[in-house]
Each structure stands twice: as structure tokens, then as C-alpha cells.
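Here is what each chain is made of, one letter per residue.
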Amino acid sequence: MEFLAISDAALVRAAAILCRGGLAAFPTETVYGLGGDAFNAGALAKIFAAKGRPRFDPLIVHIASIAALEKVADLSLLDGAARKKLNLLVERLWPGPLTLILPKQKAVPDLATSGLPTVAVRFPDHAAAQKLITLSTGALAAPSANPFGYLSPTRAEHVRDQLGDKVDIILDGGPSKLGVESTVLDICGPLPRILRPGAAPKEAIEALTGPLARPEAAAGTAAAPVSPGQLKSHYAPRTPLSAYSLEELRSLSRENADAGKGRAALLFFDGPSRDAWLAGRKGGEAAALRVLSEKGDVLEAAARLFETLHELDRSGFSRILAQFAPEAGLGAAINDRLRRAAFAC
Ligand code: AMP
Ligand code: MG
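Predicted model only: the values in this text are computed from it and were never measured.

Trainee: What am I meant to see in the environment of I47 here?
Mentor: The residue I47 is located in helix α2 (residues 41–51) in this model. Once the C-alpha coordinates of I47 and G36 are considered, the two residues, 11 residues apart in sequence, prove to be 6.9 Å apart. Dropping the residues within four chain positions of it, I47 is found in contact with L23, L34, G35, G36, L59, A141 and P143.

Dropping the structure here:
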């Protein structure tokens, strides 16, 4: 495995590996992706193998221009209303952290879409990612570069530590700017539907498309997925994690002042919540305390979420007790990740 800082030479090197059917991990504005040529079934099979990802969980195809969209999606199958929504979303939110579910082109192997007639497509807002896509085959399938079900990587070192030699080359572009994955939006139905909350806030999408369909009620488990990629348990650290409101955390701390016998780590959304918890605390050993954003900035909190969970997961705590974020904007994505991380426990 090669580990290279982003440079023109490194991008050319990674593109050559991708064109030969190899795997390259690369930075995007959301998290690091594990890329392979989206048109090469052999490369796609390697992605599933490297991640230990079940074949029923389809991949996101990354493109680097609007023109490339028609190479992977058959837009002629969309009706007029969906087409209009697509144009608006693409014009306003691409490049960016929004993945669109669209009818698939035949050239995209079934392995990329888990046999679905639709394909997930994203145009990342990251110069190096765009360059890499353009220099290789114009379309890279790239799930997050982590073992299936584990925390997503927001640094190249996370990829190296988790996937090592399962990937041919890792491009280091520093920490991810947004730090949570893209929002996955299906625009094929009568009303657009968010399949996964993410870094493009629901409010921004709704302002462009009008009302959204309600999220699907029951999410599946790894053994029996209701719909691909909507697994209840995902994005999980190895350390057991539970998520609470501040009120629940405060009552927990009163009943169990050491909040897990001194070995638990508490992860607060903001500084005032930590201070309120400390003020209401009665004795007990000090637990490790972390705050996602001292001033409660949801963007900063999202960017630090996986990074902080990685750090806590390495530190040998017996439990992580995390506070939910306010549900608006990116808070919905943070809470979705916390719920799914907690479901594993
Ligand atoms: P990841 O690549 O790990 O960021 O996850 C990609 C997400 O997109 C998963 O939740 C997938 O199930 C979802 N996805 C990809 N393709 C499709 C599709 N054709 N229909 C529905 N969801 C999809
Ligand atoms: Mg993932």
C-alpha cells in the first residue's frame, strides 16, 4: 500500500491504479472514500471485499462534472416533475454532499447498485477528488473507506489504520471539512424521499423541491434489510455507545454518579451542556468529557463527530455516553449516526 500526500504526481499515480482496476482511498468534503472504477465489476468486487460490505448494500458513484451524469444515470426515464427537481438540486447543491438516486445506465454493473434499477450519484465538492475522478474513468464507486459497520474515516490515517493493505493507495488530503456522509435523496418517486440524513440539510433540499415524503418507518438489520443501506446498526465504534438527551444524561449522572465507574466517556454536544452536567453532578470519579462544539455550532460538531469517536474508541473506555444534538440542520445527521451507533450495543 502506498500512502501519499495530495500532489499532481500522487493523483496521476492513483488514477493509473484505478484505471487498472485497483483501489484508491481519497479525501472528499464529507469523509474519505474507497474508490474503484464504477464501470469495472472486478474493481467493485474488490471494494466489497476490502470493506467486508454485504452485496445488498449498493455503492455511491462519484462524478466530477454534470455532463458525466448521463454516463451513469438514464435521465430519459424520469418524468417531467422529477426532471425539474433534478435540475434545481443539481444547479443549487452540486458539487456538494447530496447523493441522488436516479435510474441507472446499463454501463453501470449491477454490483454497483446491488441489482437495483437505480444508481446513487454524487458530485463531490473537493478539488483533489474531482481531479482524481477526471484523471481516471470519470466515475468512481466510492463508499466510505472503513470496514463495514464501523466509524467512517475523516482522516487518511483512519483509512490506513482500518484498511491497511486492502487498499492499493491512500491519498492524504488532511481532515475532512464536513465530517459526515452525504444526504441520500431518492427523486424517482412522486415526492422526493431522504433515505439517509447527511451533510446536505433537509431544510435546504425542501426549500428547492417542496415537501418531502416521510422517511421510511422501519429500518432493517444487517440480517434482514428493509431497503439497502438503511441498516439500523451502522457507523459504530467498538466501544458500546448509548445516546441521550441532556436531561437523561443528568438523571443518569445522579443515579450513577461515576457514570460508568470512571471508565465511561461522556460526549457532549456543546459547552453549556457539559457545564450543566457538571453542576448537577454529585461526587464520583471524573469521567472523560468531550465536547463536539464548545459554542454549539452544528457544522463544527458534525465535522468533529467521527474524529472524536475514533479517538474515544482507541482510548479503552468501557462505554461512550453521547448527547443528542438539536435535531435541526446537520443535527439530524449527527443524531442519525448516534442512533445507529447505539443500535449495535
Ligand atoms: P456509503 O457508501 O457507505 O456512504 O453508503 C451509501 C448509501 O447510499 C447507503 O446507505 C446505500 O444503501 C445508499 N444507496 C446507494 N445506492 C442506492 C440505491 N440505488 N437505492 C437506495 N439507496 C442507495
Ligand atoms: Mg459508509
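Trainee: It is not clear to me how the side chain of S176 should be interpreted in this structure. Could you clarify?
Mentor: The residue S176 is located in the loop between β8 (169–172) and β9 (183–186) in this model. Under the relative-accessibility criterion, S176 is labelled buried at 8%. Contact partners of S176, with chain neighbours within four places excluded, come to T28, E29, T30, V31, Y32, P153 and T154.

Trainee: Is there a simple way to think about the pattern of salt bridges in this case?
Mentor: Two side chains of opposite charge can pair, provided their charged atoms sit close to one another. Applying the stated criterion across every chain yields a total of 14 salt bridges. Here R122 and E29 are joined by a salt bridge, their closest N and O atoms 2.9 Å apart. Linking R122 in strand β6 (residues 118–122) with E29 in the loop between β2 (24–26) and β3 (33–37), this pair joins segments that are 93 residues apart in sequence. With a shortest N-O distance of 3.9 Å, K295 and E300 are connected by a salt bridge. Exposure remark for E300: the relative accessible area of 30% places this residue in the partly exposed category. Three or more residues are tied together by salt bridges with common partners; here these are E181, D336, R337 and R340.

Trainee: In this structure, what is going on with the sheet that holds strand β4 (residues 60–62)? I would like to understand it.
Mentor: Whether parallel or antiparallel, the strands of a sheet pair through hydrogen bonds between backbone atoms. Sheet architecture is open: 10 strands sit in the order β1-β8-β2-β3-β7-β4-β6-β5-β9-β10, paired in mixed fashion. The sheet is open, and its two borders are formed by β1 (2–5) and β10 (193–196), each paired with just one other strand. Pairing of β9 with β10 involves three bridges; the strand directions are antiparallel. In the sheet register, D186 faces β10, and the bridge partner there is R193. Most of the contacts of helix α7 (residues 156–163) go to β8, to which it runs at about 160°, and overall it touches β1, β2, β3 and β8.

Trainee: Please explain the packing of helix α4 (residues 80–93) against helix α8 (residues 202–209) as it appears in this structure.
Mentor: Packed helices, taken two at a time, are described by their axes: the angle between them and the distance between them. Direction vectors running N to C along α4 and α8 enclose 135°, while the axes themselves pass 9 Å from each other. The pairing of α4 with α8 is recorded here as oblique in orientation. Relative to α8, the crossing made by α4 is right-handed. Only I205, L208 and T209 of α8 make contact with α4, whose side of the interface consists of K85, L88, L89, R92 and L93. For the contact of α4 with α8, a count of residues per class yields five nonpolar, one polar and two charged.

Trainee: What is the right way to look at the packing of helix α11 (residues 298–314) against helix α12 (residues 331–343) in this model?
Mentor: For the pair α11 and α12, the least separation of the axes is 9 Å and the interaxial angle reads 25°. Between α11 and α12, the interaxial angle falls into the category roughly parallel. In the packing of α11 onto α12, the handedness of the crossing is left-handed. From α11, V298, A301, A302, L305 and F306 reach across to α12, where they touch G331, I334, R337 and L338.

Trainee: Would you mind showing me how to read the sheet that holds strand β13 (residues 288–293) here?
Mentor: Ordered by their spatial adjacency, four strands build an open sheet running β11-β14-β12-β13, and the pairing between neighbours is parallel. Strand pairing shows two members of the sheet lacking a second neighbour, β11 (241–244) and β13, which therefore form its edges. Across the sheet, the mean angle from the axis of one strand to that of its neighbour is 20°, orientation sign disregarded. Taken together, the four bridges between strand β12 (residues 264–270) and strand β14 (residues 319–323) define a ladder with parallel strand orientation.

What counts, and where the lines are drawn
Residues numbered from 1 in each chain as written. Chains lettered and ligands numbered in written order. Predicted model: local features only at pLDDT ≥ 70, side-chain atom pairs only at ≥ 80, totals over all residues. Heavy atoms only, no water. Helix = DSSP H or I, 4+ residues; strand = E, 2+ residues; numbered from the N terminus. Contact = heavy atoms within 4.5 Å. Buried < 20%, exposed > 50% of the residue type's maximum accessible area, 1.4 Å probe, protein only. Salt bridge = Lys/Arg side-chain N within 4 Å of Asp/Glu carboxyl O. Pairing = 2+ DSSP bridges. Axes fitted to C-alpha atoms, helices over the stretch in contact; angles between N-to-C directions. Parallel < 35°, antiparallel > 145°, perpendicular 65-115°, else oblique. Left-handed = near helix turned anticlockwise from the far one by under 90°. Nonpolar A, V, L, I, M, F, W, Y, C, P; charged D, E, K, R; others polar.

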